[in-house]
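Here is what each chain is made of, one letter per residue.
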Amino acid sequence: MTTHKTDVIVLGAGIVGVSAALHLQQRGRAVVLVDRQQPGEGTSYGNAGLIENASVIPYMFPRDLRHLLRYALNRTADVHYRLIDAPSFVPWLVRYFLASSPEGTMRSAMAALPLIKRSLIEHEALIAQAGVPELLRYTGWIKLFRSEASLAKALAELETARGLGVDGTVLDPAAIAAREPLLRGAFTGAIHWPTPGFIPDPGGLVRAYADLFERRGGRVLLGDAATLEGARDGWRIAQPDGALVARDVVVALGPWSDQVFRPLGYRIPLGVKRGYHQHFKPRDNAVLRHPVLDADRGYLLAPMNRGIRLTTGAEFARRDAPPTPVQIARTVPVARELFPLGEAIEPQPWLGARPCLPDMLPVIGRAPRHPGLWFDFGHQHHGLTLGPATGRLLAELMTGETPFADPTPFAAERFS
C-alpha cells in the first residue's frame, strides 16, 4: 500500500472546510480536502443564502416567558422538538440558556464582530478569484413584523446594531409594498437590512470555491474522517490505495466534528439545530426581489436559482434522527398567503443540521493536547457567512501570521 504525503489534511468539504483549504493554499501549504460527499452537498447546501454581515447579535436562547411557553407547547413553526430525543439535547439546551444572559450575549456579539465585519469582504475576494460574480447579489434582506410588540423589540435591537456599526432601514406598510409588491398580509412594519450579500445557490458557491482550490493544485478526495489516527510523522487517514499523511489536520466537519474530537478525549459541547427547506415554483412568474423573513410566523422565503426556497427555524432532535418536517407542513399554507407559491419542486423537504456551541461562537484554533490538530467548526446559523473569515483566521494561526481578530474567544479551552 502506498503512503501519500501532504502538508495539511482538511476534513470537511463544506463552506468552512473549503474556505480554510483555500486560505492555507494561498499561504503556500499543500492541502488535501477529504469528505464523504462532494463539496457543498452537506450542511452548506441548505440555508437562506445570506452573507449576514448585519447580524451582529447572535441567535441566543429566548428568556421571556411568552416565547418559552409557546415553544413548550411544540406547535410553532420557528421551533420544534422531538420529545423522544429530549435526553440527548436538554443538557445542551441548559448550557445554551445559561450562556444567553444579556452579558453573555454581548460577549459573544463582541467576540464575533470582527469576523462578521470581514464576512462579505472575504467572500467578495474568493468570488472574484473563482470567477462567479453571478452568485452574489447585493439585495440585503427584509424582516417582516405582524405585531406591534415584535416590531418594538426589533427596533430596540436595531439601535443596538447601530451602536455596533450596522444600520437598517425601517419600513412602513407602504414602503414594504414598494420593495416587494407581491407580498400580502397585515404588517406593522419591517426592517430592510441592505448590506448583507445574497447567494442564490449556496451549494454552487461551495463547488465554485472547491473548483478554484483544485485549479490551484489542491486535491479533493472521498474518505472517512473516522479513520483518522495519529502517526509518527503527523496524522494519517485511510484511503482506498493506501494512507494519506500530513503534519497538520483541520477538523471542519460541522455537525459531525464530534466523530473526530470525542475519540481523542475532547468534551466540547457541540449541539445541533436541525432545519428544513423546500423549493417552490412561483405562480404566474411572480418575482421575489429579496429574501424575506416572516418573523412572527417563523419561516423565510429566498429567491434561489432553483426556485423560491422556504426555510424553517430550529428543530431540536438527535442529529441523525429520522426527518420530522412538521415545520414545513405548518409554514407552507401561511407562506402561500404571503407570496404566490406554486407547486413544490422536490417531493420531500431537505434536512440539515446546524453545528452549535452554547455561546453561539465557533471553535477555531489549535487542539489543546494534540500537536498538529486544529479545529474549525460550530458556526451555528452563520456557516455560509463566516466560512471564509474563519478560514482566514485559522490559516493565520497555523502559519504564524498576526491574526486579524482575537482568537481567544474561539479557543477550545473555554470548555475545559
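Residues numbered from 1 in each chain as written. Predicted model: local features only at pLDDT ≥ 70, side-chain atom pairs only at ≥ 80, totals over all residues. Heavy atoms only, no water.

1. Observations regarding the overall build of the protein chain
Going by this rule: Here a helix means four or more residues in a row that DSSP labels H or I, a strand means two or more in a row labelled E, and each is numbered from the N terminus. We compute the radius of gyration over the C-alpha atoms and compare it with the globule rule, which gives 2.2 Å times the number of residues raised to the power 0.38. With a 1.4 Å probe rolled over the protein chains alone, any residue whose accessible area is under 20% of its type maximum counts as buried; one over 50% counts as exposed, and the rest are partly exposed.
When helices and strands are tallied, the protein chain shows 10 helices and 21 strands. The C-alpha atoms of the protein chain give 21 Å as radius of gyration, which agrees with the globular expectation for 416 residues (22 Å, within 12%). In terms of overall dimensions, the protein chain has a C-alpha envelope of 65 × 45 × 40 Å along the principal axes. In the protein chain, buried positions account for 59% of the 416 residues.

2. What about the packing of helix 1 (residues 15-26) against helix 7 (residues 202-215)?
Just so we agree on the cut-off: Under this scheme, a helix contributes an axis fitted over its contacting stretch, all axes are lines through C-alpha atoms, and angles between N-to-C directions fall in the 0 to 180 degree range. Oblique is the label for any angle not covered by the other classes, which are roughly parallel (under 35 degrees), roughly antiparallel (over 145) and roughly perpendicular (65 to 115). The crossing is said to be left-handed when, going from far helix to near helix, the turn is anticlockwise and less than a right angle, and right-handed when the turn is clockwise. Two residues form a contact once any of their heavy atoms are found within 4.5 Å.
At their nearest, the axes of helix 1 and helix 7 sit 10 Å apart, and the two run at 25° to each other. Judged by the angle between their axes, helix 1 and helix 7 are roughly parallel. Note on packing geometry: the crossing formed by helix 1 with helix 7 is left-handed. On helix 7, the residues that touch Ile15, Val18, Ser19, Ala21, Leu22 and Gln25 of helix 1 are Val206, Tyr209, Ala210, Leu212 and Phe213.

3. Considering the side chain of Thr390
Its place among the elements puts Thr390 in helix 10 (residues 383-399). The residues touching Thr390, leaving out its near neighbours within four places in the chain, are Leu115, Ile364, Asp376 and His379.

4. Details of the nonpolar core
The following threshold applies: Here, nonpolar core means buried Ala, Val, Leu, Ile, Met, Phe, Trp, Tyr and Cys residues that are tied together by side-chain atoms lying within 4.5 Å of each other.
If you look at the biggest cluster of nonpolar residues, it comprises 64 residues, and the most contacted ones within it are Val10, Val18, Leu24, Trp193, Leu205, Tyr209 and Val250. Among the elements that take part in this core, helix 4 (residues 102-130) stands out by supplying 9 residues, more than any other. Setting aside anything within four residues of it in sequence, one finds Leu24 in contact with Val8, Val10, Arg29, Val31, Val250, Ala395 and Met398. Among the nonpolar cores identified, the runner-up in size contains 26 residues, and Ile9, Leu244, Val260 and Ala412 belong to it.

5. Re the pattern of salt bridges
Applied cut-off: Any carboxyl oxygen of Asp or Glu within 4 Å of a side-chain nitrogen of Lys or Arg constitutes a salt bridge here.
Counted by the stated rule, this structure contains 22 salt bridges. A salt bridge links Asp85 to Arg82; its shortest N-O distance comes to 2.5 Å. For the pair formed by Asp85 and Arg82, the shared burial category is buried. For the salt bridge of Asp201 with Arg207, the shortest nitrogen-to-oxygen distance reads 3.9 Å. What you see here is one network of salt bridges that share partners, running through Arg27, Arg118, Glu122, Arg392, Glu396 and Glu401.

6. Some words on the packing of aromatic side chains
To keep it simple, the criterion reads: Only rings of Phe, Tyr and Trp enter the pairing, Trp through its six-membered ring, and a pair is recorded when the two centres are within 6.5 Å. The plane angle decides the type: under 30 degrees is stacked, over 60 is edge-to-face, the rest tilted.
Here the structure, examined in full by the defined rule, presents 9 aromatic pairs. Between Phe261 and Phe375, the ring centres sit 6.4 Å apart and the planes meet at 65°, which makes this aromatic pair edge-to-face. Note that Phe261 is positioned in helix 8 (residues 258-261) and Phe375 in strand 21 (residues 373-377), a separation of 114 residues in sequence. Phe375 matches Phe261 in its accessibility class, with the two residues each being buried. Members of the aromatic cluster, joined through ring pairs, are Phe61, Trp92, Tyr96 and Phe97.

7. With respect to helix 1
Note the threshold: Under the convention used throughout, the expected extent of a helix is 1.5 Å for every residue step, that is, one less than its residue count.
For helix 1, spanning 12 residues, the distance from its first C-alpha to its last is 16 Å, which sits close to the expected 16 Å at 1.5 Å a residue. Buried within helix 1 are the following residues: Ile15, Val16, Gly17, Val18, Ser19, Ala20, Ala21, Leu22, His23, Leu24 and Gln25. Directly beyond the C-terminal end of helix 1, a positive phi value near 90° is found at Gly28.

8. A short note on the packing of helix 1 against helix 4
As a reminder of what qualifies: All residues other than Ala, Val, Leu, Ile, Met, Phe, Trp, Tyr, Cys, Pro, Asp, Glu, Lys and Arg, Gly among them, are scored as polar; the first ten of these are nonpolar and the last four charged.
Between helix 1 and helix 4, whose axes approach to 12 Å, the crossing angle comes to 75°. For the element pair helix 1 / helix 4, the angle class is roughly perpendicular. Residues Ile15, Ser19, Leu22, His23 and Gln26 of helix 1 form the contact with helix 4, whose own contacting residues are Glu122, His123, Leu126 and Gln129. Looking at the contact of helix 1 with helix 4 residue by residue, the class counts come to 3 nonpolar, 5 polar and 1 charged.

9. Remarks on unusual backbone geometry
One non-glycine residue with positive phi stands out, namely Asn74, at about 60°. Even without being a glycine, Asp284 presents a positive backbone phi close to 55°. Here Asp284 shows up in the loop between strand 13 (271-282) and strand 14 (292-294). On the basis of relative accessible area, Asp284 is assigned to the exposed category, the value being 77%.

10. With respect to the pairing of strand 5 (residues 141-145)
In regular strands, side chains alternate between the two faces of the sheet. Cut-off, in case you're wondering: When DSSP finds two or more bridges between a pair of strands, those strands are recorded as paired.
Burial runs high along strand 5: 4 of the 5 residues are buried. As defined by bridge partners, strand 5 adjoins strand 7 (residues 189-193) across 5 bridges and the pair is classed as antiparallel. Residue pairing across strands places Lys143 opposite Ile191, the latter belonging to strand 7. As paired strands, strand 5 and strand 14 are joined by 3 bridges and run parallel to one another. Each bridged residue has a counterpart across the sheet, and for Lys143 the counterpart in strand 14 is Leu293.

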